[in-house]
Amino acid sequence: MKKLIALTMAVLMMLGMFAGCTADQEEAPGKNTYNITTVKEGYLTVVTSPDYAPYEFYALDEAGNPSLAGFDMALAKYIADYLGLTLEVVPMDFNGIMGEMAAGTADLAIAGLSPDPDREDSVDFSDMYYEGKQAFITTKANASKFTDLASTNKSEYQIAAQTGTIQNDLAAQYSPDAQLINLVKATDIIAELVSGKIDGAYVEWDVAVAYSANYPDLQIVCEVPYEAEGNVIGVKKGNADLLKYVNEALNKCVDDGQFAKFVAEALELAAGDNYQGLLGPDGKPTEPSDEE
Ligand code: ARG
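Residues numbered from 1 in each chain as written. Predicted model: local features only at pLDDT ≥ 70, side-chain atom pairs only at ≥ 80, totals over all residues. Heavy atoms only, no water.

**Some thoughts on the site of the ligand**
Item 1. What surrounds the ligand is a group of 15 residues, the closest being Asp51, Gly112, Ser114, Arg119 and Glu204.
Item 2. At 2.8 Å from an oxygen atom of the ligand is found a main-chain nitrogen or oxygen belonging to Ile166. (Near = heavy atom within 4 Å. Polar contact = N/O pair within 3.5 Å; in protein donor to acceptor, adjacent residues only side chain to side chain.)

Okay, here's the thing in structure tokens:
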């Protein structure tokens, strides 16, 4: 049933996306400062998965209207401006992103992406722009069960990670004896944790921190060691010019302190009214923002 809902949502979302495209086309192509080849001339097409505050999510205004927010999205805009391209963001579930990049239909994946060597067939990696790390998270009620990573590895535990993420690999690595559960959205993980359906989950550290601020029942148990640390941008495979100028832009953004401002702003918005997930065909959140 869940699968069916997810499928229906994906189809609806795609319809919405096409509707969105027609509207977007009214925004003129950029002048393309560095004469870079992109999938759509004059545009920078960026795929993301907006279920991931403070990286990417929807901030809601007083009327409940969503707009894409998060430091990844601010970085996307910065890069597009630097390159003289018009930014076009295509939201999708995280597990669709690598397929999209492999198919060559987007220029960049900016989605809290970890530089997992397995992904190098589908994308080239930019320089690292953020020192993301990994966490094991549970609820306060369950916290006494988990003292360290080794204590998560018991067959009676249900432990989740987001589908298609490196957190899945971490779950398999550190909790191989537990019942491992894949959930499509980071928000699903939090919902199942809070409702007591699962015992724990592997989540990106900052995302765990942001959720813990909004759901005081949550508790981070420990940091989870992971080799390919940090977050990078996935760049369309083989587009050397794009990779070069994306790195130029992001290093400038980080070095001149602009990126730190994006992070601060994202944290502030993540603490306010927001929605994490894909929008419905009407361009509105499909669930109330107040999930509790
Ligand atoms: N850093 C992890 C990975 O690359 C998870 C990223 C999930 N991103 C998201 N926007 N939901 O696998």
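What follows continues from the structure just given.
**Quick look at the environment of Glu227**
Item 1. Examined against the element boundaries, Glu227 turns out to sit in the loop between strand S11 (218–224) and strand S12 (232–236).
Item 2. With relative accessibility at 82%, the residue Glu227 sits in the exposed group.
Item 3. Each C-alpha atom of the pair Glu227 and Ser114 lies 9.9 Å from the other, and the pair is 113 residues apart in sequence. (Helix = DSSP H or I, 4+ residues; strand = E, 2+ residues; numbered from the N terminus. Buried < 20%, exposed > 50% of the residue type's maximum accessible area, 1.4 Å probe, protein only.)

**Quick look at unusual backbone geometry**
Item 1. Of the consecutive residues Ala53 and Pro54, the connecting peptide bond is found in the cis state with omega at 5°.
Item 2. For Pro54, the location among the structural elements is in the loop between strand S1 (43–48) and strand S2 (57–60).
Item 3. Of note, the phi angle at Asn32 is positive, near 60°, even though the residue is not glycine.
Item 4. Within the secondary structure, Asn32 sits in the loop between helix H1 (2–24) and S1.
Item 5. A relative accessible area of 8% means that Asn32 is categorised as buried.
Item 6. Here Asn35, not a glycine, exhibits a phi torsion of approximately 55°, which is positive.

**What about the sheet that holds S2?**
Item 1. Taking strand neighbours across the sheet as the criterion, the 3 strands line up as S3-S2-S13 in an open arrangement whose pairing is antiparallel. In this open sheet, the two strands that pair with only one neighbour each are strand S3 (66–69) and strand S13 (274–275). (Pairing = 2+ DSSP bridges.)

**Description of the pairing of strand S8 (residues 158–162)**
Item 1. Of all 5 residues making up S8, 4 are buried, and the element is well covered by its neighbours.
Item 2. Pairing analysis gives 5 bridges linking S8 to strand S9 (residues 179–183), with the strands arranged parallel. Residue pairing across strands places Ala161 opposite Asn182, the latter belonging to S9.
Item 3. Once the chain exits S8 it traverses helix H4 (residues 166–174) before rejoining the sheet at S9, and the crossover so formed is right-handed.
Item 4. Pairing of S8 with strand S10 (residues 200–204) involves 2 bridges; the strand directions are parallel. Within S10, the position partnered with Ile159 by the bridge is Gly200. (Right-handed = clockwise from strand over helix to strand, strands pointing away.)

**A look at a negative patch on the surface**
Item 1. A contiguous patch of negative charge on the surface is contributed by Asp118, Glu120, Asp121 and Asp169.
Item 2. Summarising the element assignment, Glu120 is placed in the loop between strand S5 (108–113) and strand S6 (123–125).
Item 3. Of the residues examined, Glu120 reaches a relative accessible area of 41% and is grouped as partly exposed. (Patch = residues over 30% accessible without salt bridge, like charges linked within 9 Å, V, L, I, M, F, W, Y side chains within 5 Å. Areas by Shrake-Rupley, 256 points an atom, 1.4 Å probe, with all protein chains shown as cover. Salt bridge = Lys/Arg side-chain N within 4 Å of Asp/Glu carboxyl O. Lys, Arg positive; Asp, Glu negative; His and termini not counted. Charge placed at Lys NZ, Arg CZ, Asp CG, Glu CD.)

**Focus: the packing of helix H2 (residues 71–83) against helix H7 (residues 240–255)**
Helix packing for two helices is described by the angle between their axes and how far apart those axes are.
Item 1. Running from N to C, H2 and H7 cross one another at 120°; their axes reach a closest spacing of 9 Å. In terms of orientation, H2 lies oblique with respect to H7. Taken as a pair, H2 and H7 cross one another with a handedness that is right-handed. Counted together, Leu75, Tyr78, Ile79, Tyr82 and Leu83 of H2 and Leu242, Tyr245, Val246, Glu248, Ala249, Leu250, Lys252 and Cys253 of H7 form the full contact between these two elements.
Item 2. Looking at side-chain class alone, the contact of H2 with H7 contains 11 nonpolar, no polar and 2 charged residues. (Axes fitted to C-alpha atoms, helices over the stretch in contact; angles between N-to-C directions. Parallel < 35°, antiparallel > 145°, perpendicular 65-115°, else oblique. Left-handed = near helix turned anticlockwise from the far one by under 90°. Contact = heavy atoms within 4.5 Å. Nonpolar A, V, L, I, M, F, W, Y, C, P; charged D, E, K, R; others polar.)

**Regarding the nonpolar core**
Item 1. Grouped together as the largest cluster of nonpolar side chains are 46 residues, with contacts concentrated most on Leu108 and Ile233.
Item 2. Considering each element in turn, this core owes the most residues, 8 residues, to H2.
Item 3. Excluding residues within four positions of it along the chain, Ile233 makes contact with Leu75, Ile79, Leu108, Ala109, Ile110, Leu113, Asp124, Phe125, Ser126, Tyr129, Val246 and Leu250. (Core = buried A, V, L, I, M, F, W, Y, C linked by side-chain atoms within 4.5 Å.)

**Focus: the sheet that holds S11**
Item 1. What the 5 strands build is an open sheet, ordered S9-S8-S10-S7-S11; its pairing is mixed. Edge positions in the sheet fall to S9 and S11, since each has one partner strand and no second. Neighbour-to-neighbour, the strand axes of this sheet turn through a mean angle of 30°, independent of strand direction.
Item 2. Contacts between H4 and the sheet are confined to strand S7 (134–139), S8, S9, S10 and S11, with S10 contributing the most and set at about 135° to the helix.

**What to know about the side chain of Thr139**
Item 1. For Thr139, the location among the structural elements is in strand S7.
Item 2. The exposure class assigned to Thr139 is buried, which follows from its relative accessible area of 7%.
Item 3. The contacts of Thr139, once residues within four sequence positions are left out, are Leu193, Asp217, Leu218 and Gln219.

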